[in-house]
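A look at the structure
For reference, the chains in residue letters:
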Amino acid sequence: MDSATGPAPEVSVIIPARNEARRIVRVIQEARRVSPLTEVIVVCNGVTDHTTKLALENGARVIEAAPSLGHDVGRAVGAFFARGDVMLFIDADFLVPAFKLRRYVDEVKKGWDVVLNAYSGYQSKRSINPTSLAKRLLNHIVGRPDLVGSSLTTVPHAMSRLAAERIGFEELAVPPKAQVKAVLQGLTITRVCPINTARLNDPRIGRKDRVVDLVLGDHAEAIAAYLREKGERAGFFDQERNRDLLLFPPQQHLRTVYRQETIRATGGSWRDGGKAKQKTLHKTGPKTRRPR
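Residues numbered from 1 in each chain as written. Predicted model: local features only at pLDDT ≥ 70, side-chain atom pairs only at ≥ 80, totals over all residues. Heavy atoms only, no water.

Helices and strands together make up the secondary structure of the protein, namely 11 helices and 7 strands. Looking at the protein as a whole, 45% of its 292 residues qualify as buried. Within the protein, counting contacts between residues at least 6 apart in sequence, those at least 24 apart form 74% of the total. Total accessible area computed for the protein in this model is approximately 17300 Å², and 54% of it derives from carbon and sulfur atoms. (Helix = DSSP H or I, 4+ residues; strand = E, 2+ residues; numbered from the N terminus. Buried < 20%, exposed > 50% of the residue type's maximum accessible area, 1.4 Å probe, protein only. Contact = heavy atoms within 4.5 Å. Areas by Shrake-Rupley, 256 points an atom, 1.4 Å probe, with all protein chains shown as cover.)

Here is the structure:
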């Protein structure tokens, strides 16, 4: 088992897992090949099969939580206990070859703070998945449209220990919010090695709708966090809308509109109103006062 007291590892690979006995061994073995000095941390939450036992037998550091931690909380827990200068986050749901995982680690070593999966989300010829749209929207709002649909929601991704500390380990439990925090902290973010996780993930009954709802909620929370920091329009131009006028009764500042609506209600028009007034003046003549 990886020792928590031995030499500090170069890379910590963090793997949340729940009932993944069928593939956890292969995922651990591939993760260990990322670097000669790698610790593998498996966060077992709500496990009812042999995942924990197999992870221990294959040398992983195991953090076990009897109740389920829920989506992404395992990442935050694993990051807190990680000792490597580089943190690589993957899932036990599918296997990613070590040579691809190594590209994420290498970019952090080059100096990038956060390295995202360049896969931008599923899209067909007719539509884009709503979670992909949410990721694109968030990246535009925070001023990083160049990231397209890349997100901390999607694994694999990597970050430096310093980046994780500046973001805050607890923030990693809501990945889009952690991404907003990374932007606000001025951390450098890039994207590499597109891996189509939608194709690799095993379909599970009822899972897709629940995950879509979760991801959309996460992005709503992330946008709200950004607005609290940057203001209600996040710095976007308001096109000089004079909203203050709407705080007063419209008769005080919208007389033209008010009069127009009145004429419409009575069946007349601007031109009719003007002509009627002229006819009246012409017929009766100007009013004069009699001398006293």
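Moving on to the side chain of Asp 72. Mapped onto the secondary structure, Asp 72 falls in the loop between β3 (61-65) and α3 (73-81). Look at Asp 72 and you get buried, because its relative accessible area is 15%. Apart from the residues lying within four places of it in its own chain, the contact partners of Asp 72 are Leu 172, Ala 173, Pro 175 and Asp 218.

Our next topic: the nonpolar core. One finds Ile 15, Ile 28, Val 42, Leu 88, Ile 90 and Tyr 104 to be the most contacted residues of the largest nonpolar core, which totals 31 residues. Of all the secondary structure elements, the ones that give two or more residues to this core are β1 (11-17), α1 (24-32), β2 (38-45), β4 (86-89) and α4 (98-109). Apart from the residues lying within four places of it in its own chain, the contact partners of Tyr 104 are Leu 88, Val 115, Leu 116, Asn 117, Pro 156, His 157, Ala 158, Val 192, Cys 193 and Ile 195. Within the second largest apolar cluster, 24 residues are counted, among which are Ile 63, Met 87, Leu 147 and Phe 169. (Core = buried A, V, L, I, M, F, W, Y, C linked by side-chain atoms within 4.5 Å.)

Positionally, Asn 129 belongs in the loop between β5 (114-117) and α5 (130-141). A distance of 2.5 Å separates the side chain of Asn 129 from the side chain of Thr 131, its partner in a polar contact. (Polar contact = N/O pair within 3.5 Å; in protein donor to acceptor, adjacent residues only side chain to side chain.)

The residue after Val 155, namely Pro 156, is reached through a cis peptide bond having omega -5 degrees. For Val 148, which is not glycine, the phi dihedral falls at a positive 55 degrees. As for its placement among the helices and strands, Val 148 is situated in the loop between α5 and β6 (157-160). One non-glycine residue, Gln 239, lies in the positive phi region at around 55 degrees. Mapping Gln 239 onto the fold places it in the loop between α9 (207-230) and α10 (255-265). By relative accessible area, Gln 239 is classed as exposed at 59%.

This paragraph deals with α5. Helix length check: α5, at 12 residues, gives a terminal C-alpha distance of 16 Å against a target of 16 Å (1.5 Å per residue), a fit within 8%. Those residues of α5 that sit buried are Thr 131, Ser 132, Ala 134, Lys 135, Arg 136, Leu 138, Asn 139 and Ile 141. Looking one or two residues past α5, Gly 143 carries a phi angle of roughly 85 degrees, positive in sign. (Expected span 1.5 Å × (residues − 1).)

Our next topic: the pattern of salt bridges. Counted under the stated rule, the structure contains 14 salt bridges. The salt bridge involving Arg 83 is made with Glu 39; its shortest N-O contact spans 3.6 Å. Of this pair, Arg 83 sits in the loop between α3 and β4 while Glu 39 sits in strand β2, and the two are 44 residues apart along the sequence. A relative accessible area of 1% means that Glu 39 is categorised as buried. A salt bridge links Arg 161 to Glu 165, with the nearest nitrogen and oxygen atoms 3.7 Å apart. On the criterion of helical spacing, the pair formed by Arg 161 and Glu 165 is a turn pair, its members being 4 residues apart in helix α6 (residues 161-167). When salt bridges that share partners are traced, they join Arg 233, Asp 238, Arg 241 and Arg 243 into one network. (Salt bridge = Lys/Arg side-chain N within 4 Å of Asp/Glu carboxyl O.)

Another aspect to go through is the packing of aromatic side chains. Here the structure, examined in full by the defined rule, presents 2 aromatic pairs. Consider the rings of Phe 80 and Phe 81, whose centres lie 5.2 Å apart with planes at 85 degrees: the pair is edge-to-face. With 6.0 Å between their ring centres and 85 degrees between their planes, Phe 80 and Phe 169 make a pair best called edge-to-face. With Phe 80 in helix α3 and Phe 169 in the loop between α6 and α7 (175-184), this pair connects stretches of sequence that are 89 residues apart. Residue classification places Phe 80 among the exposed residues on the basis of a relative accessible area of 54%. Here the aromatic residues Phe 80, Phe 81 and Phe 169 are joined through ring pairs into a cluster of three or more. (Phe/Tyr/Trp six-rings, centres within 6.5 Å; stacked < 30°, edge-to-face > 60°.)

Among the secondary structure elements, Val 212 is positioned in helix α9. Look at Val 212 and you get buried, because its relative accessible area is 19%. Here the alpha-carbon distance between Val 212 and Pro 130, two residues 82 residues apart in the chain, equals 7.6 Å. When residues no more than four places from it in sequence are discounted, the contact partners of Val 212 are Pro 130 and Thr 131.

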